[in-house]
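Single-letter residue listing:
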Amino acid sequence: MKNTTKAIHTPYQRRDAYDALQMPVYHTLAYEFDDADVMADAFCGRTDAPDYSRVLNPTVTHFEQRIASLTGAKEVSAFTSGMAAISAMLFSAASAGKNIISSRHLFGNTYLLLTRTMARYGVEARLTDLTDPKAVKALVDDNTCCIFLESVTNPQTEVADVRVLADIAHSHGIPLIADTTMIPFTQFDGRALGLDFQVVSTTKYVSGGATSLGGVIIDYGNFPEISTFIKKDSVFNFGGYMTPHAAYMQTLGLETLDVRYERQAASALKLARMLVQTPGVVTVGYPGLESHPQHKVFKEQYGDAAGAMLTFDLESEDACKSFINGLKLIHRATNLFDNRTLAIHPASTIFGPLTQEQRDAMDVKDTTIRLSVGLEDPEDLFADIIQALEQ
Ligand SMILES: *Cc1c(COP(=O)(O)O)cnc(C)c1O
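Summarised in this report is the structure supplied together with it. (Residues numbered from 1 in each chain as written. Predicted model: local features only at pLDDT ≥ 70, side-chain atom pairs only at ≥ 80, totals over all residues. Heavy atoms only, no water.)

### Some words on the overall build of the chain
Here comes step 1: When helices and strands are counted, the chain shows 14 helices and 12 strands.
Here comes step 2: For a compact globule of 391 residues, the expected C-alpha radius of gyration is about 21 Å, and the chain comes in at 21 Å, within 12% of that figure.
Here comes step 3: Overall, the chain is about 75 × 50 × 35 Å in size when its C-alpha atoms are taken along their principal axes.
Here comes step 4: Expressed as a percentage of the 391 residues in the chain, the buried residues total 54%.
Here comes step 5: Residue pairs at least 24 apart in sequence account for 73% of intrachain contacts in the chain once pairs closer than 6 positions are excluded. (Helix = DSSP H or I, 4+ residues; strand = E, 2+ residues; numbered from the N terminus. Rg over C-alpha atoms; globule rule 2.2 N^0.38 Å. Buried < 20%, exposed > 50% of the residue type's maximum accessible area, 1.4 Å probe, protein only. Contact = heavy atoms within 4.5 Å.)

### Looking at the nonpolar core
Here comes step 1: Ile 100, Leu 310 and Phe 312 are the most contacted members of the largest nonpolar core, which has 111 residues in total.
Here comes step 2: Per element, the largest residue contribution to this core is 10 residues, and it comes from helix α10 (residues 244-276).
Here comes step 3: Here Ile 100 is in contact with Leu 90, Ala 94, Leu 114, Met 118, Val 123, Glu 124, Ala 125, Arg 126, Cys 145, Cys 146 and Phe 148, once residues within four sequence places are set aside. (Core = buried A, V, L, I, M, F, W, Y, C linked by side-chain atoms within 4.5 Å.)

### What to know about helix α11 (residues 295-302)
Here comes step 1: Buried within α11 are the following residues: His 295, Val 297, Phe 298, Gln 301 and Tyr 302. Take α11 and look down its axis: the buried residues cluster within an arc of 165 degrees, on one side only.
Here comes step 2: Residues of α11 that are buried in the fold lie against α7 (162-171) and α8 (190-193).
Here comes step 3: At the C-terminal side of α11, Gly 303 shows a positive phi close to 95 degrees. (Arc of directions from axis to C-beta.)

### Examining the site of the ligand
Here comes step 1: In the region of the ligand, 13 residues are neighbours, and Gly 82, Met 83, Asp 179, Thr 203 and Lys 204 sit closest.
Here comes step 2: In the environment of the ligand, an oxygen atom lies 2.8 Å from a nitrogen or oxygen atom belonging to the backbone of Met 83.
Here comes step 3: Protein contact buries 90% of the 380 Å² of open area that the ligand shows by itself.
Here comes step 4: Ranked by the residues each element gives to the shell around the ligand, the list is headed by helix α4 (residues 82-93), at 3 residues. (Near = heavy atom within 4 Å. Polar contact = N/O pair within 3.5 Å; in protein donor to acceptor, adjacent residues only side chain to side chain. Areas by Shrake-Rupley, 256 points an atom, 1.4 Å probe, with all protein chains shown as cover.)

### Some thoughts on the sheet that holds strand β7 (residues 215-219)
Sheets are built from strands paired through backbone hydrogen bonds, the pairs being either parallel or antiparallel.
Here comes step 1: The strand order β1-β7-β6-β5-β4-β2-β3 describes an open sheet built from 7 strands, whose pairing is mixed. A single partner strand is all that each edge strand has here, and the edge strands are β1 (75-79) and β3 (124-128). Pairs of neighbouring strands in the sheet enclose a mean axial angle of 20 degrees, with direction left out of account.
Here comes step 2: Pairing geometry for strand β5 (residues 176-179) and strand β6 (residues 197-201), over 3 bridges, is parallel. Opposite Ala 178, over in β6, you have Gln 198 as the bridge partner.
Here comes step 3: Each of β1, β6 and β7 touches helix α9 (residues 224-238); the most contacted strand, β1, lies at about 30 degrees to it. (Pairing = 2+ DSSP bridges. Axes fitted to C-alpha atoms, helices over the stretch in contact; angles between N-to-C directions.)

### A few points about the sheet that holds strand β10 (residues 331-332)
Here comes step 1: Pairing within the open sheet is mixed, and its 5 strands lie in the order β8-β9-β12-β11-β10. Edge positions in the open sheet fall to β8 (283-285) and β10, since each of these has one partner strand only.
Here comes step 2: As paired strands, strand β9 (residues 309-313) and strand β12 (residues 368-372) are joined by 5 bridges and run antiparallel to one another. Directly across from Thr 311, in β12, lies its bridge partner Arg 370.

Without other data, these values stay purely geometric and don't point to any function.
Listed below in structure tokens is the structure:
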């Protein structure tokens, strides 16, 4: 079956007592057992019967199984947010004395997780230019525990060559881990690209209408020690397992994911092409444009649809602020891949608490606007952009 069919027809693990067609929300914390031995088996993991909803819940399990069926993963683990999934992943891969090689263009909280939080536990972050294989190779040593990349960096829209990074990681016997939030996992084959784990903020494309927070680890089973740590230590001891209500909403989101993505990516490409021609717009960042420096590598890895996030630069920070203030249809809000189109000035908001030096090191410019393109008609969106630019 193709993904659009699987997204809707993945069978439930057990038949529902009422034959409910949609997965019920099992809003229960504990589960009853017939006798002491059955109970002991469940608690010791000898059966897959749930015992306590911090570690296993049927609605969450079903959400995980649908993603496993869509990606061919050996194991999927769902968490309360993207950051919960990323921290569970990186704490599972690393330990004191180890180092993680990653990009200097990381998502804000991931950057702080690596450079501030994990640093306290003796894990070193080695941030570099992941589009430069020589720079990456030079940083690997015996204490390197993984290479961690983001599929498309935000807001720089940089795309690393995953196959090249996979070769470097695997020649040292370490996993390649990617945050693939920017391109839905239904659009490409992560295993074929050489990824060992994907982490995804399902808050974004999967939830769809911005209904709920969530995150998943998609595990291809190549590093069993790390898999065990994720399932046992991270889920049990950190306690960031997804809630059943979020799993229900995000399962609904999965059913329409590809349809929404194709529409949003097509509108984003249309807008990017129109913005290139628009006076006052200095540059446009979108991997779907032939002029994007990593257009070719993007297409080879993730396909023709290039996502719903685009950036563009105006002449000054003041011009960006007037533009944001002038918007009438597009919302002034953070978040990505909502059904509504959202605009933000990253330098003064998401990256506002950082110093100018930190922003410069991350290539976050004062002149950049980030747009997350929704499901509205692209002509209406473009009209709003033009009237806001005129102001
Ligand atoms: C939003 C985002 C996250 C964090 O996800 P939350 O669900 O907000 O915790 C991590 N990585 C990327 C690339 C994101 O866009």
